[in-house]
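Listed below are the residues making up each chain.
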Amino acid sequence: MTTPDAAPALVGERLAAQLLSGTPAAGTAAVAGHLLAIQAQDPRGARLAVRARSHARSVGDVDAALTKDRSVVVTWLNRGTLHLVRTEDYWWLHPLTTPPLRRGNERRLAQEGVPPADAERGVAVIERSLAAEGPLTRAQLRDRVAAAGVRTEGQAIVHVLVLATLRGLIVRGPMAGREHAYALVRDWLGAPPAEHARFDRDRALAELAARYLAGHGPATERDLAKWAGLPLRDAQRGLAAIAARLADRDDGLAALAGRLSDCPLPPPRLLGAFDPLLLGWAAREPVNGLFRPFALVRGRAVGTWSLPRGKVALAPFAPLGGADAAALAADAADVERFLRVR
């Protein structure tokens, strides 16, 4: 953003890129493909991100994409946080974005009292257990790792699972009831497609830049670097590789050529915790959003909401106009229907 007058237009462009205005995506895989990666440490928030951007009718649609179609997976990527991604994108996003996470994982294991030898033993137990028994939940894996004498208390088991994930051994694959089970990559996803059998870093950086801008542009190189959890030089390298595909803009922001610049704002809508709209750029000021579930009206957060006893409870920051309140009430009914477990 360069001037106050530019802010509404920029917000409109970004909301359109985020699939919050315009034609909704077909379903879970289409949303994940367009946004490239959806933060998913809050399972309900990730599912609500799909709801707000697609024709998905229920949480069951998202779970089916994870369990039946295997078209999407959840794994640690980008900034060291769980993300929902298309299965086909896992093969290049994982080797591109996980190397910077390894040192932090080593540090956290040490802080949790898991020495390197124990961490190695824990990873081996996880691999053997999943190979022998198929997908298992975190609690089931914790029991097996603990039985091998590896510390699992506190966050220790989480960081042992992260280590196995960073090594490309496991992903969160199917749903086991309401829990997300882990599976071996080789069993759940099979071998990588031919085009990803050999990792090409330059190609991956170019793909990252183009796909990021498709779901987040206009943006800066620093926005891309922060979102991907990569050094600024990598973001610059990726954008340079697609320079011929970028639009000429007066504000200095990067955007793909051919995108609409005059985008209407979406109708009032309820978004979940950690929505991609809050996590795609270095700053959140244009939206003024929170990491809690929030209500969006004319491109701004106007309140938060919760779900006591399955009913949406809206807490606006200030009184809402009648039309906005009615629109949010209608969307609240859709949220309740979408999340209802039948």
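Just so we're clear, the structure is a prediction, and the values are computed from it rather than from any experiment.

Asker: What is the right way to look at the pairing of strand S4 (residues 170-176) in this model?
Answerer: The two faces of the sheet receive side chains in turn, since in a regular strand these alternate between them. Taken across its seven residues, S4 has six buried, putting it largely inside the fold. Where S4 meets strand S5 (residues 179-184), five bridges bridge the pair, whose relative direction is antiparallel. Within the sheet, the bridge partner assigned to Met 175 lies in S5 and is His 180.

Asker: Where do I start with the side chain of Asp 275 in this structure?
Answerer: Along the chain, Asp 275 turns up in the loop between strand S6 (269-271) and helix H14 (276-279). In terms of polar contacts, Asp 275 uses its side chain to reach the side chain of Arg 53, at 2.7 Å. Excluding its chain neighbours within four sequence positions, the residues that come into contact with Asp 275 are Ala 49, Arg 53 and Phe 294.

Asker: Got a minute to help me understand the environment of Asp 42 in this structure?
Answerer: Locating Asp 42 in the fold gives a position in the loop between strand S1 (38-39) and helix H3 (43-51). Between the alpha carbons of Asp 42 and Ala 132 there is a distance of 29 Å; along the sequence they are 90 residues apart. Sequence-distant contacts of Asp 42, that is, excluding residues within four places in its chain, are made with Ala 273 and Phe 274. A distance of 3.2 Å separates the side chain of Asp 42 from the backbone nitrogen of Arg 44, its partner in a polar contact. Reaching out from Asp 42, the side chain makes a polar contact with the backbone nitrogen of Gly 45 at a distance of 2.6 Å.

Asker: How should I be thinking about the sheet that holds strand S8 (residues 300-306) in this particular structure?
Answerer: Where strands meet in a sheet, backbone hydrogen bonds hold them as pairs that are either parallel or antiparallel. Ordered in space as S6-S7-S8-S9, the four strands form an open sheet in which the pairing is antiparallel. On the outer flanks of this sheet lie S6 and strand S9 (313-316), each paired with one strand and no other. Going from strand to strand, the sheet's axes swing by 35 degrees on average, the running direction of each strand aside. Sheet topology places S6 next to strand S7 (residues 294-297); three bridges connect them, and they run antiparallel.

Calculation criteria
Residues numbered from 1 in each chain as written. Predicted model: local features only at pLDDT ≥ 70, side-chain atom pairs only at ≥ 80, totals over all residues. Heavy atoms only, no water. Buried < 20%, exposed > 50% of the residue type's maximum accessible area, 1.4 Å probe, protein only. Helix = DSSP H or I, 4+ residues; strand = E, 2+ residues; numbered from the N terminus. Pairing = 2+ DSSP bridges. Polar contact = N/O pair within 3.5 Å; in protein donor to acceptor, adjacent residues only side chain to side chain. Contact = heavy atoms within 4.5 Å. Axes fitted to C-alpha atoms, helices over the stretch in contact; angles between N-to-C directions.

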